[in-house]
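Structural features, examined
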Amino acid sequence: MTTFDPVPTVGARDGADGRARGRPATSPAGRGSDYAALSRLVRQAGLLDRRPGWYALRIGLNTVLLGAGWTAFYLLGNSWWQLATAVVLAVAFTQTAFLGHDAGHRQIFRRRSANDRVGLVLGNLLIGVSYSWWVGKHTRHHSHPNQVDRDPDVTIGAVAFTADQARARRGLTRVLARYQAWLFFPLLMLEALHLHAASVKAVTRGAVKSRRLEALLLLAHIAGYLTAVLLVLTPLRAAVFVLVQQGLFGLYLGCAFAPNHKGMPMLTGRDELDYLRRQVLTSRNVRGSRLVDFALGGLNYQIEHHLFPAMPRPNLRRSQALIRRFCLQHGLSYHESTVFGSYAQALRHLHAVGAPLRPAPAD
């Protein structure tokens, strides 16, 4: 991991709960201009300029991948070779989700309405996830990353991110927390199911914009997906296909998001950090080639993305040197790791959080 050690900004993490202890070295109000200065540098470098050509090409290629997957599904017919198609479609679904993520951050077009239209097609129609429900949830995460009780990504029931969360678990969830480091990747295979169920619940309760349109698009996806699978495959093969395709879709999504914040400092309402430090200190970048950029949908530049959510994905790599240098100049930690190193750090944190729930080893 590459770390630029800061001037004391947030106290060292205290034990397994991973919470940031202490206070900023100076008043957050006195440092508010730091982000403004960085923002000026980023704008002057043209890094917030939209990249319509890049997105047109990427959306086109992704549409070809989706079309090729479903065409292969039809041509293969009732065969166990369809499990290979399930893998291709899991990749295509995840890449579609990455594009929906970009639309949700208004990275594709300047106008929110244009991004929303694209997001509804990509999310609701093509992969069966409510676009506006996800945008609302993800916006709260960006506003309060790794903040206990405010970040929806660290208040999920299946995984405990602090010792307090682990101790509060009861029944099956307590057992899960006890061994969560070992169960983390298997649990990710349920992520797609969770997203589908949460989407249906949000639409049913009217907790989304354009409820009728979202419901219609979700219904079209579910009907089209199940009709295709049941018409081509026998019930047994259809069930296995859905389990593999949706399971790998969830696993891939989870593996793309897991390196970003898991194992980084957890914050509480007592941690008075300005926007710049709140985003940088809770985020982790993943080093790698352009293949890593593609595989992780640009989320490997998590620090840059959290500082400038509307920055188009292809500009994130270009912005990294500028933002890393700015962090160094301001005595601010800039965390980077390899893909597998990031997973190791996340799993070590989850294992430590669950440790108090495990029986002490016999002497």
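Before reading further, recall that the structure is shown in the block above.
In what follows, the accompanying structure is described. Every value quoted in this text rests on a predicted model; they were computed, and no experiment measured them.

**Structural notes on the packing of aromatic side chains**
One pass over the structure, following the stated rule, counts 12 aromatic pairs. Taking the centre distance of 4.8 Å and the plane angle of 85° together, the rings of Trp54 and Tyr55 count as edge-to-face. Taking the relative accessible area as the measure of exposure, Trp54 reaches 22% and is therefore partly exposed. Residue classification places Tyr55 among the buried positions, given a relative accessible area of 1%. Between the aromatic rings of Phe93 and Phe249, the centroid separation amounts to 5.5 Å while the plane-to-plane angle is 85°, which identifies the pairing as edge-to-face.

**Quick look at the nonpolar core**
Among the nonpolar cores identified, the biggest contains 41 residues, and Trp133, Val229, Phe241 and Phe249 are the most heavily contacted of them. Mapped onto this core, the elements with two or more residues apiece are α2 (52–76), α3 (82–104), α4 (112–127), α5 (131–143), α9 (191–204), α10 (211–232) and α11 (235–261). Looking at which element gives the most residues to this core, the answer is α3, with 9 residues. With residues up to four places along the chain from it excluded, the contact list for Trp133 reads Leu195, Ala198, Ser199, Ala202 and Val208. Counting residues in hydrophobic clusters, the runner-up holds 21 residues, among them Leu281, Tyr301, Leu322 and Ile323.

**Observations regarding helix α8 (residues 180–188)**
Among the residues of α8, Gln180, Ala181, Phe184 and Leu188 are the ones counted as buried. Buried residues in α8, looked at end-on, bunch into an arc of 85°, giving them a common side. Contacts made by the buried residues of α8 are with α7 (172–178), α9, α11 and α16 (339–354).

**Some details on a nonpolar patch on the surface**
Side chains of Leu172, Val175, Tyr179, Trp182 and Leu183 sit close together on the surface and give an oily, nonpolar patch of about 540 Å² of accessible area. For the nonpolar patch, the secondary structure elements donating two or more residues are α7 and α8. For Val175, the position within the fold is in helix α7.

Definitions and cut-offs
- Residues numbered from 1 in each chain as written.
- Predicted model: local features only at pLDDT ≥ 70, side-chain atom pairs only at ≥ 80, totals over all residues.
- Heavy atoms only, no water.
- Phe/Tyr/Trp six-rings, centres within 6.5 Å; stacked < 30°, edge-to-face > 60°.
- Buried < 20%, exposed > 50% of the residue type's maximum accessible area, 1.4 Å probe, protein only.
- Core = buried A, V, L, I, M, F, W, Y, C linked by side-chain atoms within 4.5 Å.
- Helix = DSSP H or I, 4+ residues; strand = E, 2+ residues; numbered from the N terminus.
- Contact = heavy atoms within 4.5 Å.
- Arc of directions from axis to C-beta.
- Patch = residues over 30% accessible without salt bridge, like charges linked within 9 Å, V, L, I, M, F, W, Y side chains within 5 Å.
- Areas by Shrake-Rupley, 256 points an atom, 1.4 Å probe, with all protein chains shown as cover.
- Salt bridge = Lys/Arg side-chain N within 4 Å of Asp/Glu carboxyl O.

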